[in-house]
Amino acid sequence: MTVVLLTNIGRLWTGIELLTKAAILMDDDRIAWVGHAAELPSASPE
Amino acid sequence: MEDLTEVDEVVNIGGGLVTPGLVDAHCHPVYAGDRYAEVNMWAKGATRADIFAAGGGVSTTVTITRGTDPWTLCNAVRERLRHWVLSGSTTVEAKTGYHLTRDGELADVRLLRSLEEEPGMPRLHVTFFPAHGVPPEFFGRPKEYVATAASWLSDAAMAGADGVDVYCDNQQFTTEDAHMLLGVGQSVGLRTTLHACSRPRHGAVRMAAELGCSSVDLVHEADDEDLLALASTRTPVVACPTTALHERRTPPVRALLDHGVPVGLGTDHNPGQSGTTSMPLVISLAVSMFEMTVQEALNAATAGSAHALGLNDRGMIAPGMLADLVQWDADHEGAFAWSMGLHTLRVWQGGRTIH
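Basis of the calculations
Residues numbered from 1 in each chain as written. Chains lettered and ligands numbered in written order. Predicted model: local features only at pLDDT ≥ 70, side-chain atom pairs only at ≥ 80, totals over all residues. Heavy atoms only, no water. Helix = DSSP H or I, 4+ residues; strand = E, 2+ residues; numbered from the N terminus. Buried < 20%, exposed > 50% of the residue type's maximum accessible area, 1.4 Å probe, protein only. Contact = heavy atoms within 4.5 Å. Lys, Arg positive; Asp, Glu negative; His and termini not counted. Charge placed at Lys NZ, Arg CZ, Asp CG, Glu CD. Buried area = accessible area lost by both parts, 1.4 Å probe. Salt bridge = Lys/Arg side-chain N within 4 Å of Asp/Glu carboxyl O. Polar contact = N/O pair within 3.5 Å; in protein donor to acceptor, adjacent residues only side chain to side chain. Pairing = 2+ DSSP bridges.

We now examine the overall build of chain B. Scanning chain B from N- to C-terminus turns up 15 helices and 13 strands. Counting over 355 residues, chain B shows a buried share of 61%. Taking the intrachain contacts of chain B between residues at least 6 apart in sequence as the baseline, contacts between residues at least 24 apart amount to 73%. When the 25 positive and 43 negative side-chain charges of chain B are each reduced to one mean point, those points stand 5 Å apart.

Put into structure tokens, the structure is as follows:
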């Protein structure tokens, strides 16, 4: 299992909405979390 | 995961643009040879009938592909599929359709399923397409060929095909042929697509909508009745702007969107009309030709295409979805409209960097 964090995304088109200053957490082959980078620590998945 | 200390790798995107991996919902990558001379005839104003009279068209590629050894064909398809990844497509719908024999078409399905397992390849949605044209040995006996091809569909499903497609226009298969083949396809568990090409048979689009086809593709000459049928059944349409350019006909994509029809996009890469494997180019063209906003075109090239293929685990970035992503050489999505082929910086498939 590999966990990869993409940070400092200037613009992120999720397919649902457009986010700025975003981050994505990938847990193995799936998206684990997506949102504003500032919200990441408190929103990290279990 | 308890907290961020369990992160194995941190990637700083540097303020750039990230989207879901693009999904090409319509292409023909399994062929050998080229038809450049024929394309040159098109450019000089030749008609489809002129091309056929000169011995060109799909049958030319069928002859070359049948005469190409499997390893050479495999290497060519592998190299071709890699181009999709380099330009940001992480899923590609790939049709057979240039062997037009039972064994050749089934071998194409197995070839695609095998290539998909190799590193650096896109995920594939494999479409069995013996109804791409009438092969030479059945010339003059199209009904007999349709019945024969229908008998191959259960084997195609067993070999790993995801769907079946039927090419329906005034010079290929009739609406009745398509109804029969697509119905058999549904009965063996295949997703079904109608290839409503340049001059679709009257009523074919409505037939496909009423039959519950997974998608109706191209629809260059869809009329108001077709539009209403697609809208009332919520049947997805896959539009291909490079083919529209080639055919000099524009499908009513704006009206389809305004009526709530789900729209996906495809390159329609094939040896006779469109050589592009670039979905970023397709997005650019969709904005300029189909009156789509950049976000609509991006949505069509990701979630829209995935929906048309029944792949509901991709095309969006949300928890639980496949981690198929692209970092682009831009900091704003408007660059798709400007660039006519925006470049990728990095492509992830299932969380792994593949470009």
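The subject of this paragraph is the interface of chain A and chain B. Interface size is commonly expressed as the accessible surface area that is lost when the partners come together. In this assembly, 32 residues from chain A lie in contact with 39 residues from chain B. Around 3,000 Å² of area is buried between chain A and chain B when both sides are counted, 61% of it from carbon and sulfur atoms. The largest per-residue losses of area from chain A upon contact with chain B belong to R11(A), W13(A) and I31(A), which jointly make up 25% of the total buried on that side. Inspection of the chain A/chain B interface yields 1 salt bridge. Our enumeration of links across chain A and chain B arrives at 21 residue pairs in polar contact (both at pLDDT 80 or more).

When you tally the buried positions in strand 1 (residues 3-13) of chain A, you get 10 out of 11 residues, the bulk of the element. Both strand 1 of chain A and strand 2 (residues 18-27) of chain A contribute to a ladder of 8 bridges, which runs antiparallel. When the sheet's bridge partners are listed, L6(A) is paired in strand 2 of chain A with I24(A). The turn linking strand 1 of chain A back onto strand 2 of chain A is made up of 4 residues, and G15(A) within it adopts a positive phi angle of 100°. Pairing of strand 1 of chain A with strand 2 (residues 17-20) of chain B involves 2 bridges; the strand directions are parallel. Among the inter-strand pairings, R11(A) is bridged to a residue of strand 2 of chain B, identified as L17(B).

Spatial relationships are all this shows, so hold off on functional conclusions.
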